[in-house]
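Commentary on secondary and tertiary structure
Below, each chain spelled out in residue letters.
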Amino acid sequence: MRDLIVTENITLDGVIDAAEGWFSPAGDDAEADQSDLEAVLGAHMAAADAFLVGRVTFEEMYGYWPKQTDDTTGVTDYLNTVSKYVVSSTLRDPDWQHTTVLRGPLQDEVQALKSTPGKDIVTTGSISLVHALIAAGLVDEYRLFVHPVVLGHGRRLFADATEVPRLRLVDTRPFNSGIVLLRYRTVLDNCG
């Protein structure tokens, strides 16, 4: 079975809502050397052949990434070629190559996707979708890119923390920019 990996840019206090402008999707911080971060992101993209998002995040990405002509991170090329799965009951024509709309029920659709042959399935952004995936017990791994920022408010990854299984730290990696990657795997109980 394929792994479903939640990848999020997150503040020190757990906020993943980037509305405050604390995170730039294209890594526009010209002062910071991000080559080490870009190398890891490239490896993550190479290990995944499916990208799962909610409608809002899909529309935001579609409005931004295909228009990038000088993207050196590889994200534009990746998003234009990867199989994209959008969870939505309202989106009719996604109009982006290699996109499939999943209409639900969520658990059935994602379980079916996980059971198909392929590489990792990654989701990012999509706060409501990620909360639903956590609640349904569908997440295998969390890749949290922790930014040295504290906001004090905003939508958090673990909003109520009641549905999160035990997690096991499998990797930590600091980057030149001050961002730290924390990778956690879910710990499955062996009791039946």
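Residues numbered from 1 in each chain as written. Predicted model: local features only at pLDDT ≥ 70, side-chain atom pairs only at ≥ 80, totals over all residues. Heavy atoms only, no water.

**Remarks on the side chain of threonine 57**
For clarity, the cut-off: The way it works is that DSSP assigns letters per residue, a run of H or I at least four long becomes a helix, a run of E at least two long becomes a strand, and they are numbered from the N terminus. Working definition: with a 1.4 Å probe on protein chains only, accessible area under 20% of the residue-type maximum means buried, over 50% means exposed, and in between means partly exposed.
Within the element layout of this structure, threonine 57 appears in helix α2 (residues 55-64). Residue threonine 57 is classed as buried on the basis of its relative accessible area, which comes to 11%.

**Comments concerning the packing of aromatic side chains**
Note the following rule: For Phe, Tyr and Trp, rings pair up if their centres lie within 6.5 Å, where Trp contributes its six-membered ring, and each pair is then called stacked (planes under 30 degrees apart), edge-to-face (over 60) or tilted (otherwise).
Per the stated rule, a full pass over the model turns up 6 aromatic pairs. With a centroid separation of 5.2 Å and an interplanar angle of 45°, the aromatic rings of tyrosine 62 and tryptophan 96 are classed as tilted. Separated by 34 residues along the polypeptide, tyrosine 62 in helix α2 and tryptophan 96 in the loop between β3 (83-87) and β4 (99-102) bring together distant segments of the chain. For tyrosine 62, a relative accessible area of 29% corresponds to the partly exposed category. Note on tyrosine 142 and phenylalanine 158: the rings are 5.4 Å apart at their centroids and 65° apart in plane angle, and the pair reads as edge-to-face. You can see tyrosine 142 sitting in strand β6 (residues 141-147) and its partner phenylalanine 158 sitting in the loop between β6 and β7 (167-174), a full 16 residues away along the chain. Judged by relative accessible area, which is 27%, phenylalanine 158 ranks as partly exposed.

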